[in-house]
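For reference, the chains in residue letters:
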Amino acid sequence: MKDFVNKEAALDAVRKLHIGLDWDAEAALHVKRLLARDGEGNLLPTARFFTKTGETRGMMLVGDPGSGKSHLMDRTLTKIPELAPADDGVPRVIACPVPSPATFKSMTLALLERSGYPDANPRQEAWSLWQLFRHRLSKLGVAVLWIDEAQDLFCADRKAILRALKSLMQGDDAVAVILSGTEDLAQVIRTDPQVKRRFTAMVLPELTEAAHGDMFRTVMADYCARVDLEPPVEADLVARVFHGARYRFGRAVELLLVAMEFAIARNAEHLTIDDFASAYAMNEACLASQNVFYADNYLLLKPDADEDAAAFSKRRSGKART
């Protein structure tokens, strides 16, 4: 029992680890170019102006659900010293996920709360609230605004939101804007040329065994060593993990962690493919014949087939009503 408790505690510590990847440097490059520099080239905790008329710029971080984009951006912003809170605790960065329901007003109210202004009147007109938020940014000296899962924000009030984002990136107190979300976000931004030219884009790649297999094996070996487990030996395991994780990094790591839970629960010395199969079955509620860790022809399995069919049906239904 004591050994189980120790391994569980070790696994909790593993969950808090950050896996350094090439993507870290690329994300940091995108963010740092949005910040001003002094005469010696040192970063400053203010947004950089890219035009004589006082316009800042922004970036989009695009990735599929489960790709790890939110963790990557949080880590990137945290690791830039110039974006740490000021000595008096005032933030240089305001970060906020899109609330539900996702409307221009609900987003503005959420941003005001994150800025330390919790008493905004929800009956107030949306654009008036936005002007209040802009004043808050100026008063606090915020350099960067990060909106996560931003694709949901454009389901309604698209024109107003695009206009609001442009307003944040103009004037003496303009800020840099970071949006993270799925490909749907990129498609929306592309519809407005004025907004599009203000944003660079970073797209998180899909995992491939050729490019990322050795890296993931190293991660597995390191994680297993930290909880006193022997790593798996099955030759095709990583390929199965990637397929079951939809080739998304965050999902692959989560699948690994749940598999380790099963190995620890059975007091095993080795992490095996059966642990991954149990983790996959628990997450997917699938039959053994549809389990990517049991099926011989696992590449023929389509884990998201039901979701894709539902989305297609929804799109068809929407077209039928128009």
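Residues numbered from 1 in each chain as written. Predicted model: local features only at pLDDT ≥ 70, side-chain atom pairs only at ≥ 80, totals over all residues. Heavy atoms only, no water.

Named according to an unreviewed UniProt entry, the protein chain is Transposase originating from Tateyamaria omphalii.

Topic: the overall build of the protein chain
Regarding its fold elements, the protein chain presents 13 helices and seven strands. When the backbone C-alpha atoms are referred to their principal axes, the protein chain occupies close to 60 × 55 × 40 Å. Relative to its full complement of 322 residues, the protein chain shows a buried share of 44%. Put simply, 68% of the contacts in the protein chain that link residues at least 6 apart link residues at least 24 apart. Of the roughly 16,900 Å² that the protein chain leaves accessible, carbon and sulfur atoms contribute 51%. Within the protein chain, the 45 negative side-chain charges are centred at a point lying 9 Å from the centre of the 41 positive side-chain charges. (Helix = DSSP H or I, 4+ residues; strand = E, 2+ residues; numbered from the N terminus. Buried < 20%, exposed > 50% of the residue type's maximum accessible area, 1.4 Å probe, protein only. Contact = heavy atoms within 4.5 Å. Areas by Shrake-Rupley, 256 points an atom, 1.4 Å probe, with all protein chains shown as cover. Lys, Arg positive; Asp, Glu negative; His and termini not counted. Charge placed at Lys NZ, Arg CZ, Asp CG, Glu CD.)

Concerning empty space enclosed by the protein
Empty space among the atoms becomes visible once a probe the size of a water molecule is rolled across them. Scanning the model with the defined rule gives one cavity of 30 Å³ or more in all. Taken as a whole, the largest cavity encloses approximately 40 Å³ of empty space. Considering the residues around the largest cavity, the lining is formed by Phe104, Met107, Trp130, Ile147, Leu153, Ile161, Ala164 and Leu165. Mapped by element, the contributors of at least two residues to the lining of the largest cavity are α4 (104-114) and α6 (158-168). Considering every element that reaches the lining of the largest cavity, the biggest residue donor is α6, with three residues. Here the residues of the lining of the largest cavity sort into eight nonpolar, no polar and no charged. (1 Å grid on protein atoms, 1.4 Å probe; cavity = no way out; pocket = protein on both sides within 12 Å on 5 of 7 lines; lining within 4 Å. Points joined across faces, edges and corners; volume = space filled by probe spheres on them. Nonpolar A, V, L, I, M, F, W, Y, C, P; charged D, E, K, R; others polar.)

Notes on the side chain of Arg246
Positionally, Arg246 belongs in the loop between α10 (237-244) and α11 (249-265). Look at Arg246 and you get buried, because its relative accessible area is 8%. Residue contacts for Arg246: discarding those within four places in its chain leaves Arg251, Tyr280, Glu284, Pro303 and Asp304.

Some thoughts on the domain arrangement of the protein chain
Annotation of the protein chain at the domain level lists domain 1 (22-203) and domain 2 (207-306). Summarising the inter-unit geometry, the C-alpha centres of domain 1 and domain 2 are found 35 Å apart. With six residues of domain 1 at the interface, the matching set in domain 2 holds six residues. Together domain 1 and domain 2 conceal approximately 430 Å² of surface at their shared face, both sides included; 61% is due to carbon and sulfur atoms. Broken down residue by residue, the surface that domain 1 buries against domain 2 is led by Trp23, Pro65 and Gly66, which jointly contribute 71%. (Domains from an automatic or database assignment. Buried area = accessible area lost by both parts, 1.4 Å probe.)

A word on the confidence of the model for the protein chain
Summing up the model confidence of the protein chain, the mean pLDDT is 90 and the portion of residues at 70 or higher is 93%. Counted against residues more than four places away or in other chains, residues 308-322, with its pLDDT under 50, gives zero contacts. (pLDDT = per-residue confidence, 0-100.)

Points about the packing of α11 against helix α12 (residues 273-284)
The geometry of α11 relative to α12 is characterised by a closest axis approach of 8 Å and an angle of 115° between their N-to-C directions. In terms of axis orientation, α11 runs roughly perpendicular to α12. Crossing handedness for the pair α11 and α12: right-handed. Residues Arg251, Leu255, Leu256, Val258, Ala259, Phe262 and Ala263 of α11 form the contact with α12, whose participating residues are Asp275, Phe276, Ser278, Ala279, Tyr280, Met282, Asn283 and Glu284. Here the contact of α11 with α12 is composed, by residue class, of 10 nonpolar, two polar and three charged. (Axes fitted to C-alpha atoms, helices over the stretch in contact; angles between N-to-C directions. Parallel < 35°, antiparallel > 145°, perpendicular 65-115°, else oblique. Left-handed = near helix turned anticlockwise from the far one by under 90°.)

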